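The residues making up each chain are set out below.
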Amino acid sequence: LPPPPPLLLLLLLAAAAPRAGALRMKILGGGGGHPADRRSAVRDAVSVGLGLGLAGMGTTAAPQELIEEAPLPSAAANAQAGDLDFRARAADRAHVFMLRRGGFGGKGSPFAAPLALSSSMEELAASDLLFLGEHHDSDEDHRLQASMVRQLQNYNGKRKIGVGLEMVQAQFQPVLDAYTAGKITDAELFEQTQWADRWRWPFESYLPLLHTVRDMGGDLVALNTNSESIRKVESAGLGGLSRAEVQQYVCDPDGFARTAADPVFLQYVKGLLLPSYLLHAQMGVLRASITGDRLEEDITFANFFAARILWDETMATRAVRYIQKNPGAQLVVVAGGDHVRYGYGIPVRAARIAPALGLNRIDVKTAMLNPTDVAQGLAAVSRLELELPREREANEDPLPWQKTPLLADYLVYSRPLVLKENQA
């Protein structure tokens, strides 16, 4: 039997690839041309990637919020009035901030409210799926993850905790099981998951988290799509996968297609996925596949997009299946920040997949870890978008506030920060 019509719609990505390649040249070629022409080229490229008609690009609002580390003596001496522009309801030191909307009925601008560490851990421990958005190259983030998992275990008591890893592909779940059972060493885990070839970020940085889960008797869950499948999608779109491969990763094909048509998701594509693609192009890395093979041409936006949504759908599906197979358990998902921020990478997919797998009530929470320039030790003022930018053209209404997602439910920092109100 043919696949359901919504899935067929997504499979059109493969046929759209050549057109996307031509449009990519328009987008990246030089700085000339009228801005409206460039917006149209971007709009068309996104449309090709989705296999759907999208609204125009419009303009992106400037970031409204700033954050700094709680002043140390040296920092305080150099502080200048007006440096801070972070709308918060308090200026107390805190490790954790909850994002909410102000105004009557919660219809105003987003703000970050500091929480006591004990209160925040209690709230996070009550979730079924907790997504932690990390910087892959930050040892500080990885130590924070291990610390949070230990604290969640303390609050959860006898509740089972698992940690889902973007870093490990689905085919290596037996290796993770052997590791948590104490049957293989760190070195064997590194070798048998083919970490050096399939992830490449330093293995040693993740050891605090891996040791924490193993020592407390928790589960490690391999979340990611197998590279062999991603390589096919990078070359031929979703149409490059067999029906069996699609079913391995996508358990809710109708919902998978509906997500691609969600107006908020389209804003997410324009605000995060398309800039990511353009950055990859500028860096010259679109000629290499995820498996390290050299390609004759750049990966098209259509196929880049298809690989990314398959990646996210796979992680969401495997996360929910863990909860399905372990009733009452909590899964902490560790993934790159772009898979977590604004919810439209993995979290929204997980919430949508849960009912398809028979889970009618599932509590999903998100937290961004150290969302400032960690490389500068959290000392520099950094810009944070607390809500998804609402892009529009002059004749198009923006997304209503109710549908504009916030950066995350929580911001979690390794060291206490102070947020101050806008001085303007």
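For the structure given in this document, a descriptive report is provided here. Please read all numbers here as calculations on a predicted model, not as lab measurements. (Residues numbered from 1 in each chain as written. Predicted model: local features only at pLDDT ≥ 70, side-chain atom pairs only at ≥ 80, totals over all residues. Heavy atoms only, no water.)

### Remarks on the overall build of the chain
So, point 1. When you go through the chain residue by residue, the secondary structure sums to 15 helices and 10 strands.
So, point 2. Among the 424 residues that make up the chain, the fraction classed as buried is 53%.
So, point 3. Here the contacts in the chain between residues at least 6 apart in sequence split such that 76% fall between residues at least 24 apart.
So, point 4. Accessible surface for the chain amounts to roughly 18300 Å². Of this, 52% is attributable to carbon and sulfur atoms. (Helix = DSSP H or I, 4+ residues; strand = E, 2+ residues; numbered from the N terminus. Buried < 20%, exposed > 50% of the residue type's maximum accessible area, 1.4 Å probe, protein only. Contact = heavy atoms within 4.5 Å. Areas by Shrake-Rupley, 256 points an atom, 1.4 Å probe, with all protein chains shown as cover.)

### With respect to the pattern of salt bridges
So, point 1. Tallied over the entire structure, the rule returns 15 salt bridges.
So, point 2. Asp 128 is the partner of Arg 159 in a salt bridge, and the nearest nitrogen-oxygen pair spans 3.0 Å. Of this pair, Arg 159 sits in the loop between α5 (139-156) and β5 (161-169) while Asp 128 is found in the loop between α4 (117-125) and β4 (129-134), placing the two residues 31 residues apart along the sequence. In this pair, the class of Arg 159 matches that of Asp 128, namely buried.
So, point 3. A salt bridge links Lys 232 to Glu 245, with the nearest nitrogen and oxygen atoms 2.9 Å apart. Residue Lys 232 is found in helix α10 (residues 227-236), and its partner Glu 245 is found in helix α11 (residues 243-249); the two are separated by 13 residues along the sequence.
So, point 4. Looking at Lys 232, the relative accessible area reads 38%, which means it is partly exposed.
So, point 5. Its relative accessible area of 14% is what places Glu 245 among the buried residues. (Salt bridge = Lys/Arg side-chain N within 4 Å of Asp/Glu carboxyl O.)

### Some remarks on the packing of α4 against α5
So, point 1. Between α4 and α5, the least distance of the axes is 9 Å, while the angle of their chain directions is 75 degrees. As the angle between them shows, α4 and α5 are arranged roughly perpendicular. In this structure, α4 uses Leu 117, Ser 118, Met 121, Glu 122, Leu 124 and Ala 125 to contact α5, whose residues at the interface are Met 148, Gln 151, Leu 152, Tyr 155 and Asn 156. (Axes fitted to C-alpha atoms, helices over the stretch in contact; angles between N-to-C directions. Parallel < 35°, antiparallel > 145°, perpendicular 65-115°, else oblique.)

### Overview of α10
So, point 1. Among all positions in α10, only Ser 227, Ser 229, Ile 230, Arg 231, Val 233 and Glu 234 are buried.
So, point 2. Its buried side turned inward, α10 meets β5, α8 (195-198), α11 and α14 (301-325).
So, point 3. Count one or two residues on from α10 and you reach Gly 237, which has phi positive near 75 degrees.

### Focus: a nonpolar patch on the surface
So, point 1. There is a patch of nonpolar side chains on the surface, built from Leu 279, Met 283 and Val 285 and spanning about 270 Å² of accessible area.
So, point 2. Mapped onto the elements of the fold, Leu 279 is located in helix α13 (residues 263-283). (Patch = residues over 30% accessible without salt bridge, like charges linked within 9 Å, V, L, I, M, F, W, Y side chains within 5 Å.)

### Considering the nonpolar core
Most often, soluble globular proteins have nonpolar side chains that are buried together.
So, point 1. By size, the foremost hydrophobic cluster in this structure holds 68 residues, and its most contacted members are Leu 129, Phe 265, Leu 310, Val 320, Leu 331, Leu 407 and Leu 411.
So, point 2. At 14 residues, α14 tops the list of elements feeding residues into this core.
So, point 3. Apart from residues no more than four positions distant in its own chain, Leu 331 is found in contact with Asp 128, Leu 129, Leu 130, Gly 162, Val 163, Gly 164, Val 221, Ala 319, Tyr 322 and Ile 323.
So, point 4. Grouped together as the second largest cluster of nonpolar side chains are 40 residues, Leu 124, Ile 161, Phe 172 and Leu 189 included. (Core = buried A, V, L, I, M, F, W, Y, C linked by side-chain atoms within 4.5 Å.)

### Brief notes about the environment of Arg 150
So, point 1. Its location among the elements puts Arg 150 in helix α5.
So, point 2. Linking Arg 150 and Thr 212, residues 62 residues apart in sequence, is a C-alpha distance of 7.2 Å.

### Quick look at the pairing of strand β8 (residues 364-369)
So, point 1. Counting buried positions along β8 yields 5 of 6 residues, so the element is predominantly enclosed.
So, point 2. As paired strands, β4 and β8 are joined by 5 bridges and run parallel to one another. Bridge pairing in β8 links Gly 133 to Met 368. (Pairing = 2+ DSSP bridges.)

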